[in-house]
Amino acid sequence: FILWVGWYGFNPGSTLGISGQGALAARCAVSTTLAAAAGCISSMFLNCLITKNKTGEVVYDLTFAMNGALGGLVGIPAAPDTTPLWAAIIVGIIAGWVYLGASALLIKLKIDASVDAVP
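Description of the structure in this document. (Residues numbered from 1 in each chain as written. Predicted model: local features only at pLDDT ≥ 70, side-chain atom pairs only at ≥ 80, totals over all residues. Heavy atoms only, no water.)

1. Some thoughts on the overall build of the protein
Here comes step 1: Check the secondary structure of the protein and you find 4 helices and 0 strands.
Here comes step 2: Helices and strands in the protein line up, N terminus first, as α-α-α-α.
Here comes step 3: Projecting the C-alpha coordinates of the protein onto the three principal axes gives extents of approximately 55 × 25 × 20 Å.
Here comes step 4: A total of 119 residues make up the protein; the buried ones form 34% of that total. (Helix = DSSP H or I, 4+ residues; strand = E, 2+ residues; numbered from the N terminus. Buried < 20%, exposed > 50% of the residue type's maximum accessible area, 1.4 Å probe, protein only.)

Given below as structure tokens:
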């Protein structure tokens, strides 16, 4: 969550150096927020569906939610000022799904990662 807040210094903060661009910085902040939130929700609920199909239990895993939000944050910095707001949501959803796939691949290949540590 701290990374999410820090990302506001990265995406919208970089536009504040341009005089008179407050509206542009605000748009960057909104697109950053939408992408992160969409990544959070999409990865958590897709993981919930996958887990329910495997085990029959519904599990809402906060790890997948926060890492999906990080995926959304990583997905949007290329153009937070020109991306339409609806597209920022799509970017976040796709980034959340990419995180789930990459996480599953790391586990399958038994590669140790800082987030998904495999014994």
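Anyway, onward from the coordinates.
2. Let's talk about the environment of Asp81
Here comes step 1: Tracing the backbone through its elements, the reader meets Asp81 in the loop between helix H3 (62-75) and helix H4 (85-108).
Here comes step 2: Residue Asp81 is classed as partly exposed on the basis of its relative accessible area of 30%.
Here comes step 3: C-alpha of Asp81 to C-alpha of Leu100: the two residues are 19 residues apart in sequence and 27 Å apart in space.
Here comes step 4: Aside from chain neighbours lying at most four places away, what touches Asp81 is Leu24, Arg27 and Cys28. (Contact = heavy atoms within 4.5 Å.)

3. Details of a nonpolar patch on the surface
Here comes step 1: Residues Trp86, Ile90, Ile94, Trp97 and Val98 make up a contiguous nonpolar surface patch of roughly 560 Å² in combined accessible area.
Here comes step 2: Tracing the sequence through the fold places Val98 in helix H4.
Here comes step 3: What makes Val98 exposed here is its relative accessible area of 52%. (Patch = residues over 30% accessible without salt bridge, like charges linked within 9 Å, V, L, I, M, F, W, Y side chains within 5 Å. Areas by Shrake-Rupley, 256 points an atom, 1.4 Å probe, with all protein chains shown as cover. Salt bridge = Lys/Arg side-chain N within 4 Å of Asp/Glu carboxyl O.)

4. Overview of H3
Here comes step 1: An ideal rise of 1.5 Å per residue puts 20 Å on 14 residues; H3 measures up with 20 Å between its terminal C-alpha atoms.
Here comes step 2: Those residues of H3 that fall on the buried side of the exposure criterion are Phe64, Ala65, Asn67, Gly68, Ala69, Gly71, Gly72 and Leu73.
Here comes step 3: Its buried side turned inward, H3 meets helix H1 (2-10), helix H2 (22-55) and H4.
Here comes step 4: The N-cap of H3, judged by a side-chain oxygen 3.0 Å from the amide nitrogen of Thr63 a few residues on, is Asp61. (Expected span 1.5 Å × (residues − 1). Polar contact = N/O pair within 3.5 Å; in protein donor to acceptor, adjacent residues only side chain to side chain.)

5. Some points on the nonpolar core
Taken as a class, soluble globular proteins show a tendency for nonpolar side chains to be buried jointly.
Here comes step 1: Trp4, Trp7, Ala36, Cys40, Met44, Ala65, Ala69 and Leu73 form the largest nonpolar core, which has 8 residues in total.
Here comes step 2: When residues of this core are traced back to their parent elements, those giving at least two are H1, H2 and H3.
Here comes step 3: Here Ala69 is in contact with Trp4, Ala36, Gly39 and Cys40, once residues within four sequence places are set aside. (Core = buried A, V, L, I, M, F, W, Y, C linked by side-chain atoms within 4.5 Å.)

6. Concerning the environment of Leu24
Here comes step 1: One can find Leu24 in helix H2.
Here comes step 2: Here Leu24 falls in the partly exposed class, since its relative accessible area comes to 24%.
Here comes step 3: On a C-alpha basis, the gap between Leu24 and Leu34 in space is 15 Å, while along the polypeptide they are 10 residues apart.

7. Observations concerning H2
Here comes step 1: An ideal rise of 1.5 Å per residue puts 50 Å on 34 residues; H2 measures up with 49 Å between its terminal C-alpha atoms.
Here comes step 2: Positioned one or two residues after H2, Gly56 has a phi angle of 85°, which is positive.

8. Looking at the packing of H1 against H3
What describes two packed helices is the angle between their axes and the distance between those same axes.
Here comes step 1: Two numbers describe how H1 lies on H3: the axes approach to 10 Å, and their chain directions differ by 15°. Between H1 and H3, the crossing angle belongs to the class labelled roughly parallel. Along this stretch, H1 crosses H3, giving a crossing that reads as left-handed. Between H1 and H3, the contacting residues are Leu3, Trp4 and Trp7 on the first element and Ala69, Leu70, Leu73 and Val74 on the second.
Here comes step 2: Looking at the contact of H1 with H3 residue by residue, the classes come out as 7 nonpolar, no polar and no charged. (Axes fitted to C-alpha atoms, helices over the stretch in contact; angles between N-to-C directions. Parallel < 35°, antiparallel > 145°, perpendicular 65-115°, else oblique. Left-handed = near helix turned anticlockwise from the far one by under 90°. Nonpolar A, V, L, I, M, F, W, Y, C, P; charged D, E, K, R; others polar.)

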